[in-house]
Amino acid sequence: MSDPIMPGNATLVNLRAIMAGDPLTLADGWEAPVAASADALAARLQTGEALYGVNTGFGKLASTRIAPDGLAELQLNLLRSHAAGVGAPLPVPVVRLVLALKALSLARGASGVRVEVVQALLALLAADIMPLIPSQGSVGASGDLAPLAHLSLVLVGEGEALAADGTRLSGAEALARAEVAPLVLGPKEGLALLNGTQVSTALALSALFAAEDLLRTALVAGALSTEGAKGSDTPFDPRIHDLRGQPGQIRCAAALRTLMAGSALRESHRTGDPRVQDPYSLRCQPQVAGACLDLLGNAAATLQREANAVTDNPLVVEGGDILSGGNFHAEPVAFAADTIALALAELGAIGERRIALLVDPVLSGLPAFLVREGGLNSGFMIAQVTAAALTAENRALATPRSVDSLPTSANQEDHVSMATGAALRLKPMADNLANILAIELLCAAQAIDFHRPLTSAPALEAAHRLVRGAAAHWDRDRAMAPDIAAVAELVRGGRIAALAPL
């Protein structure tokens, strides 16, 4: 059981655990500020002044005043009209995170909602009832309006949800299973549920967690490839990296040194090797992976802040003032997603170059395409082509989305972040990178086999055993796809990443 979380203080460790299935429990005392903000909003409403989204229309219709007897209908109509998403449903782990992030945001006590709204979100999460949220339809402007509308419909007994066993439920059935009464929305509660960056943030966090594991995997694969190519470990000497001072580069060089420590294979060619320098894909691993590590660190800091932020509008602030602003604009999330994309693309690009090196007998000194009886056997020839195709695809997907603003809502939302699209494209990129690294691991393990009986370093021998447990040595041609899939499963499961001392 995870420790209770005070709203505003969730860590990335907390969020990764929640995404994986841990419960979310809020620390004692969260209810008081939430109730106080709802009371402050109610008091201001009694004055008769115009409050955006509370007693007015939305967006371009903000100048339209709504009569008191229409306020509840206003919030319900908002949910219904904005549930205009399309596309495949978001994955269940991402939806878990969306529910948690929305609860954490509203529990900060600046959104003017009642305690019951937060409790309903927590109850769905605890019951493992996941609203069915279409993945497309948000431009990350007034928050993730369409996807959050689909989530919020379930809270009023409409929409659809998935039970833990995958059963598709109506919103009413979902609430019954969670033992929650359908919400009758109060003033601003529909708007508070829809405004916010929780969907784009959850998608970006999911990709961040995958990218962190993939970077560790890339270090292991790169070290194994270096061993397979009889490359040098001199480029990983700490004195080189200290002179530059880039923190990610220093850390990755240290990890590579540790991975290769104690290798008899390395010692076998320390003297008498005619090569002076290795190609960049071996020699510059700390510089490339380290820059990616720094990018991911920057993205992580941004996303942790966003996960704890209040991003709806208007906000009920200290003193009871109600302020209309733009915290729902997801530009920070869009930038974070774009930088994660750059890291994923570059890790794949340099990994594909190491694959190409290993299959080239001129560069590697190994049998062509890593197989005996070349010609009769094609070996890893087309596996490298597959890696090249995936690398090209990721290169195209890495094009920044944050610069592609497209005005919406009759030009009221005249600059948008495109954060949700920026984050959505990260999972396909991570899947592509997992397959590239799987191919590299297969090639590197094959190269190591050709150097037997020499052994590599202990950590790399452990990686070799994992690969060989999933795919046998390639002595003659067979279908390659099952081997790639089996090793990619190791990669996605974090088995290889766990070996990296980073």
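J.: Go over the overall build of the protein chain, please, and point to the residues and values.
T.: Per the secondary structure count, the protein chain includes 21 helices and seven strands. By principal-axis analysis of the C-alpha atoms, the protein chain measures approximately 90 × 50 × 45 Å. Looking at the 502 residues of the protein chain, the share that counts as buried comes to 55%. The long-range fraction of contacts in the protein chain, counting pairs at least 24 apart against all pairs at least 6 apart in sequence, stands at 78%. Approximately 20000 Å² of the protein chain is accessible, and the part contributed by carbon and sulfur atoms is 57%.

J.: Before we move on, can you summarise the packing of helix α9 (residues 198-228) against helix α14 (residues 285-307) with the specific residues and values?
T.: At a closest axis distance of 10 Å, the pairing of α9 and α14 adopts a crossing angle of 160°. Relative to α14, α9 is oriented roughly antiparallel. For the element pair α9 and α14, the recorded crossing hand is left-handed. Judged by residue contacts, Thr201, Ala204, Leu205, Leu208, Ala211, Glu212, Leu215, Leu219, Gly222, Ala223 and Thr226 of α9 engage Gln285, Ala289, Cys292, Leu293, Leu296, Ala300, Leu303, Glu306 and Ala307 from α14. A per-class count over the contact of α9 with α14 returns 14 nonpolar, four polar and two charged.

J.: Hey, could you go over the pattern of salt bridges for me, with residue numbers and the actual values?
T.: Counting across every chain of the model gives 22 salt bridges. The closest approach of N and O atoms between glutamate 212 and arginine 16, which form a salt bridge, is 3.1 Å. Here arginine 16 lies in helix α1 (residues 12-19) and glutamate 212 lies in helix α9, a separation of 196 residues in the sequence. Each of Asp233, Arg266, Glu267 and Arg270 takes part in salt bridges that share partners, so that together they form one network.

J.: Give me the side chain of serine 138: which residues, what numbers.
T.: When you line up the elements, serine 138 lands in the loop between β3 (134-136) and α6 (145-155). A distance of 3.1 Å separates a polar atom in the side chain of serine 138 from the backbone nitrogen of glycine 140. At 2.8 Å, the side chain of serine 138 forms a polar contact with the side chain of aspartate 144. With sequence-adjacent residues up to four places away left out, serine 138 is seen in contact with Gly143, Asp144, Leu145, Pro147 and Thr420.

J.: Report on the packing of aromatic side chains, specifying residues and quantitative values.
T.: Applying the stated criterion to the full structure yields one aromatic pair. Seen in terms of ring centroids, phenylalanine 380 and tryptophan 474 are 5.5 Å apart; in terms of plane orientation they differ by 50°. Their pairing is tilted. Here tryptophan 474 lies in the loop between α20 (458-470) and α21 (481-492) and phenylalanine 380 lies in the loop between α16 (361-364) and α17 (381-397), a separation of 94 residues in the sequence. For tryptophan 474, a relative accessible area of 3% translates into the label buried.

J.: Help me get a handle on the sheet that holds strand β2 (residues 130-131), residues and values and all.
T.: An order of β2-β4-β5 is seen for the three strands of this open sheet, with the pairing classed as antiparallel. Two strands lie at the open edges of the sheet, namely β2 and β5 (168-170), each paired on one side alone. Where strand β4 (residues 160-162) meets β5, three bridges bridge the pair, whose relative direction is antiparallel. The partner of leucine 162 across the bridge, within β5, is arginine 168. Against the sheet, helix α7 (residues 171-178) engages β4 and β5, with an angle of about 100° to β5.

J.: I'd love a proper account of the environment of glycine 494, names of residues and values included.
T.: Position of glycine 494 among the secondary structure elements: in the segment after α21. It is 36 Å that separates the C-alpha atoms of glycine 494 and glycine 375, two residues lying 119 residues apart in sequence.

J.: Describe the environment of proline 458, with residues and values.
T.: Considering the arrangement of structural elements, one finds proline 458 in helix α20. Given a relative accessible area of 56%, proline 458 falls into the exposed group. Distance in space between the C-alpha atoms of proline 458 and glycine 262 is 7.1 Å, their sequence separation being 196 residues. With near-sequence residues (within four places) excluded, proline 458 lies in contact with Ala261 and Gly262.

J.: Which residues make up unusual backbone geometry, and what values do they have?
T.: Cis peptide bonds are those with omega within 30 degrees of zero, and the linkage from asparagine 313 to proline 314 qualifies with -10°. Looking at the secondary structure, you find proline 314 in the loop between α14 and β6 (315-316). Between arginine 452 and the following residue, proline 453, the backbone shows a cis peptide bond with an omega angle of 15°. Summarising the element assignment, proline 453 is placed in the loop between α19 (426-450) and α20. A positive phi is found at lysine 230, a non-glycine position, where the angle reads about 50°. Within the secondary structure, lysine 230 sits in the loop between α9 and α10 (238-244).

What counts and what doesn't
- Residues numbered from 1 in each chain as written.
- Predicted model: local features only at pLDDT ≥ 70, side-chain atom pairs only at ≥ 80, totals over all residues.
- Heavy atoms only, no water.
- Helix = DSSP H or I, 4+ residues; strand = E, 2+ residues; numbered from the N terminus.
- Buried < 20%, exposed > 50% of the residue type's maximum accessible area, 1.4 Å probe, protein only.
- Contact = heavy atoms within 4.5 Å.
- Areas by Shrake-Rupley, 256 points an atom, 1.4 Å probe, with all protein chains shown as cover.
- Axes fitted to C-alpha atoms, helices over the stretch in contact; angles between N-to-C directions.
- Parallel < 35°, antiparallel > 145°, perpendicular 65-115°, else oblique.
- Left-handed = near helix turned anticlockwise from the far one by under 90°.
- Nonpolar A, V, L, I, M, F, W, Y, C, P; charged D, E, K, R; others polar.
- Salt bridge = Lys/Arg side-chain N within 4 Å of Asp/Glu carboxyl O.
- Polar contact = N/O pair within 3.5 Å; in protein donor to acceptor, adjacent residues only side chain to side chain.
- Phe/Tyr/Trp six-rings, centres within 6.5 Å; stacked < 30°, edge-to-face > 60°.
- Pairing = 2+ DSSP bridges.

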